[in-house]
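Observations on the three-dimensional arrangement
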Amino acid sequence: MTNSPAPVTLGADQARTRLHELTVIDVRTPAEYASGHLPGALNIPLDHIRRALPEIRHAAECGDVLVVCASGARSENACRLLAEQGITTATLVGGTGAWAAEGHDLHTPAACDTRARWSMERQVRFTAGALVLLGLVLGLLVHPALLLISGGVAGGLVFSALTNSCGMAVVLGKLPHNRPRGADLDAALASLRNR
């Protein structure tokens, strides 16, 4: 396996001035995307990037592609995956969080319902915390061996930090509220084909 170069990065202000000429791909879950995304961004969740390779390659041949997520970690992973396939892209430093912090608008889909959407990071923190508490309570009330649940979550968090990956996010991303509807993903892919 060859080492891919570090992805090209753009700051929020740089991306804003070039937004009209960029194809923006948001690799967050549909729930996160619906909570607010860069104007004109197309939602192709990270676990669907391989399926979208031909369309992304086409868009990259027509102009520059910017990949975004909440903080920049998932978009860097997507850029590396795309670079391995010979597709050059850039990532937004700090993700949509940095974009909003700079005072730039985030758009929400017109058909978006009004339910609050949790970012993947928040979903992971909630799930990890709940599992740790559950392990502690069960370990104290049922059997001490159940404390291993808490230990397992702690080990997973350390592994996640060391590898800059998150298995829990992958699992949570497969829940129905985090999955793209087929029509939404097909529309995003068609939009890339028509660039």
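Quick notes on the state of the cysteines
Per the counting criterion, the structure on display carries zero disulfides. You can see Cys69 has no disulfide; the closest cysteine sulfur is in Cys79, sitting 9.2 Å from it.

What about the nonpolar core?
Within soluble globular proteins, side chains that are nonpolar tend to cluster in buried spots. Within the largest apolar cluster, 21 residues are counted, with the highest numbers of intra-cluster contacts made by Ile44, Ile49 and Ile56. In this view, Ile49 contacts Val27, Ile44, Ile56, Ala78, Leu81 and Leu82; residues no more than four positions away in its chain are not counted. Counting 14 residues, the second-largest nonpolar core is a separate cluster that includes Leu10, Ala15, Leu22 and Leu92.

Details of the pattern of salt bridges
Side chains that differ in charge, positive against negative, can pair when their charged atoms come close. One pass over the structure, following the stated rule, counts eight salt bridges. Several salt bridges converge on common partners, so that one network encompasses Arg18, Glu21 and Asp64.

Topic: the environment of Glu102
The residue Glu102 is located in the loop between α5 (95-101) and α6 (120-141) in this model. Taking the relative accessible area as the measure of exposure, Glu102 reaches 48% and is therefore partly exposed. Here the alpha-carbon distance between Glu102 and Asp13, two residues 89 residues apart in the chain, equals 7.7 Å. Setting aside residues no more than four positions away along its own chain, Glu102 makes contact with Ala12 and Asp13.

Observations concerning the sheet that holds strand β1 (residues 8-10)
The strand order β1-β5-β4-β2-β3 describes an open sheet built from five strands, whose pairing is parallel. Two strands in the sheet have a free side with no partner beyond their single neighbour: β1 and β3 (42-43). Summarising the sheet, β1 and strand β5 (residues 90-92) pair through three bridges and their orientation is parallel. Note that in β5 the partner of Val8 across the bridge is Ala90. Helix α4 (residues 73-84) contacts β4 (65-68) and β5 of the sheet and is inclined by roughly 140° relative to β4.

Concerning α4
Note: α-helices contain 3.6 residues per turn, so residues at a spacing of three or four share the same orientation. Spanning 12 residues, α4 covers 17 Å between terminal C-alpha atoms, matching the ideal 16 Å at 1.5 Å per step. Three or more residues of α4 are buried, namely Arg74, Ser75, Ala78, Cys79, Leu81 and Leu82. On an axial view of α4, the arc spanned by its buried residues comes to 160°, and they lie on one face. On the buried face of α4, the contacting elements are α2 (30-34), α3 (53-62), β4, β5 and α6. After α4 finishes, the residue Gly86 shows a positive phi value of roughly 80°.

How each quantity is defined
- Residues numbered from 1 in each chain as written.
- Predicted model: local features only at pLDDT ≥ 70, side-chain atom pairs only at ≥ 80, totals over all residues.
- Heavy atoms only, no water.
- Disulfide = S-S within 2.5 Å.
- Core = buried A, V, L, I, M, F, W, Y, C linked by side-chain atoms within 4.5 Å.
- Buried < 20%, exposed > 50% of the residue type's maximum accessible area, 1.4 Å probe, protein only.
- Contact = heavy atoms within 4.5 Å.
- Salt bridge = Lys/Arg side-chain N within 4 Å of Asp/Glu carboxyl O.
- Helix = DSSP H or I, 4+ residues; strand = E, 2+ residues; numbered from the N terminus.
- Pairing = 2+ DSSP bridges.
- Axes fitted to C-alpha atoms, helices over the stretch in contact; angles between N-to-C directions.
- Expected span 1.5 Å × (residues − 1).
- Arc of directions from axis to C-beta.

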